[in-house]
Amino acid sequence: MAKKKKITDTSLIDIYMDEVVLLGGKPTDIITFANKFKFTEDDFYEHYESFAALDQAIFKILFDTSVATLAESPDFISFTKKDKLLSLFYTFFENLTLNRDFVLITIESYGNQLKALSLFSDMKNSFSGFMGMLNFETIHLNIETVENIQKMSITEGAWVQLLLTIKFWMTDDSVEMQKTDIFIEKSINTSLELLNTQSFQNILDLGKFLYNEKFKS
């Protein structure tokens with residue numbers, strides 16, 4: 001009987017992604033998958049505990065690769081925070097498009113939106129780290145706890161925006177995903193304008209004035 005070979009993490013991911021596209025869905029089970037490509041079931045478990053864990057790792061890799069690609073650009077460090085965020089979205093969705101068949105099959109295989117969210121759990125940690133690096137300024141309220149909550153809200157809002165963009169991208173049939181690019185630009189511009197809007201600061205100033213003049217008196 002031929003000795004089964006050890007498999008690397010990179011090789012496992014490549015084989016799995018190709019197999020998902022070929023089958024149009026997940027392999028039947030881990031042992032069948034391992035036998036087909038002549039490595040052991042235990043070898044698979046040395047890397048991942050399940051196909052779901054492997055799926056999560058792949059989406060995180062797609063995101064981390066996007067961040068690494070941006071970091072290699074000598075101009076990236078001089079970008080504004082908004083341009084860094086836009087660049088991340090553009091680069092990430094380019095990577096999704098390069099692996100479109102796998103991504104669509106995998107997301108759709110989870111059936112409903114709540115189950116599909118588990119796909120992105122590892123990726124979300126990386127995304128939160130990226131947003132923390134950008135450190136978007138909040139409107140100064142002189143209340144540390146409130147400002148910390150604001151920063152968390154900014155990150156969560158951007159995360160929801162990323163998920164909505166994925167949903168938009170999945171049904172985008174335009175040439176070279178041009179509609180997704182437009183969606184990214186308009187949605188990020190709008191969200192950052194709301195974040196920094198002078199109107200919101202004016203509302204806060206009015207509230208402080210009314211509080212000092214009416215309620216304190």
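Since the structure is predicted, the reported quantities are computational estimates derived from the model, not experimental observations.

### Focus: the overall build of the chain
- Looking only at helices and strands, the chain has 11 helices and 0 strands in total.
- Secondary structure elements of the chain occur, N-terminal to C-terminal, as α-α-α-α-α-α-α-α-α-α-α.
- Within the chain, the proportion of its 217 residues that are buried is 38%.
- For the chain, the share of sequence-separated contacts (at least 6 apart) that also reach a separation of at least 24 residues comes to 68%.

### Focus: the pattern of salt bridges
- Within the structure shown, the criterion is met by 6 salt bridges.
- Where K6 meets E46, a salt bridge forms, and the shortest distance between an N and an O atom there is 3.1 Å. You can see K6 sitting in the segment before α1 (9–23) and its partner E46 sitting in helix α3 (residues 41–47), a full 40 residues away along the chain. Just as K6 is exposed, E46 falls in that class too.
- A salt bridge links K36 to E19, with the nearest nitrogen and oxygen atoms 2.8 Å apart. Taken together, the positions of K36 in helix α2 (residues 30–36) and E19 in helix α1 put the pair 17 residues apart, joining distant regions of the chain.
- Judged by relative accessible area, which is 6%, E19 ranks as buried.
- Several salt bridges share partner residues, and in doing so they unite K6, D43 and E46 into one network.

### With respect to the packing of helix α4 (residues 51–71) against helix α8 (residues 121–134)
- Relative orientation of the contacting elements α4 and α8 amounts to 25°, with a least axis distance of 7 Å. Of the possible angle classes, the one that applies to α4 and α8 is roughly parallel. Side by side, α4 and α8 meet where Q56, A57, F59, K60, F63, D64 and V67 of the first sit next to S121, D122, M123, S126, F127 and F130 of the second.
- Classifying every residue of the contact of α4 with α8 gives 7 nonpolar, 3 polar and 3 charged.

### Concerning the packing of α4 against helix α6 (residues 100–109)
- Where α4 meets α6, the closest approach of the two axes is 12 Å, and the angle between their N-to-C directions is 140°. The angle between α4 and α6 places the two elements in the oblique class. Considering how the two elements wind past one another, α4 and α6 form a crossing that is left-handed. Facing D55, I58, F59 and L62 of α4, the residues of α6 in contact are F102, V103, T106 and I107.

### Focus: unusual backbone geometry
- The residue K38 is not glycine, and still its phi comes out positive at about 60°.
- For K38, a relative accessible area of 54% puts it in the exposed group.
- Of note in the backbone geometry, M177 takes a positive phi value of approximately 55° without being a glycine.
- When you line up the elements, M177 lands in the loop between α9 (144–170) and α10 (178–195).

### Quick notes on α6
- Of all 10 residues that make up α6, 7 are buried, and the element is covered over most of its length.
- Taken as a whole, α6 has its buried residues at R100, F102, V103, L104, I105, T106 and I107.
- Positive phi appears at G111, one or two residues downstream of α6, with a value of about 80°.

### Brief notes about the packing of aromatic side chains
- Applying the stated rule across the entire model yields 18 aromatic pairs.
- Ring centres 5.6 Å apart and planes at 80° place the aromatic pair F44 and F51 in the edge-to-face group. F51 carries the same exposure label as F44, and that label is buried.
- Seen in terms of ring centroids, F63 and F127 are 5.9 Å apart; in terms of plane orientation they differ by 65°. Their pairing is edge-to-face. With F63 in helix α4 and F127 in helix α8, the pair connects residues that are 64 residues apart, well separated along the chain.
- Residue F127 is classed as buried on the basis of its relative accessible area of 0%.
- Taken together through their ring pairs, the aromatic side chains of Y16, F33, F37, F39, F44, Y45, F51 and F102 make up a single cluster.
- Positioned over the ring face of W169 is R100, at 4.5 Å from the centre of the ring.

Reading the values: the criteria
- Residues numbered from 1 in each chain as written.
- Predicted model: local features only at pLDDT ≥ 70, side-chain atom pairs only at ≥ 80, totals over all residues.
- Heavy atoms only, no water.
- Helix = DSSP H or I, 4+ residues; strand = E, 2+ residues; numbered from the N terminus.
- Buried < 20%, exposed > 50% of the residue type's maximum accessible area, 1.4 Å probe, protein only.
- Contact = heavy atoms within 4.5 Å.
- Salt bridge = Lys/Arg side-chain N within 4 Å of Asp/Glu carboxyl O.
- Axes fitted to C-alpha atoms, helices over the stretch in contact; angles between N-to-C directions.
- Parallel < 35°, antiparallel > 145°, perpendicular 65-115°, else oblique.
- Nonpolar A, V, L, I, M, F, W, Y, C, P; charged D, E, K, R; others polar.
- Left-handed = near helix turned anticlockwise from the far one by under 90°.
- Phe/Tyr/Trp six-rings, centres within 6.5 Å; stacked < 30°, edge-to-face > 60°.
- Lys NZ or Arg CZ within 6 Å of the ring centre and 35° of its normal.

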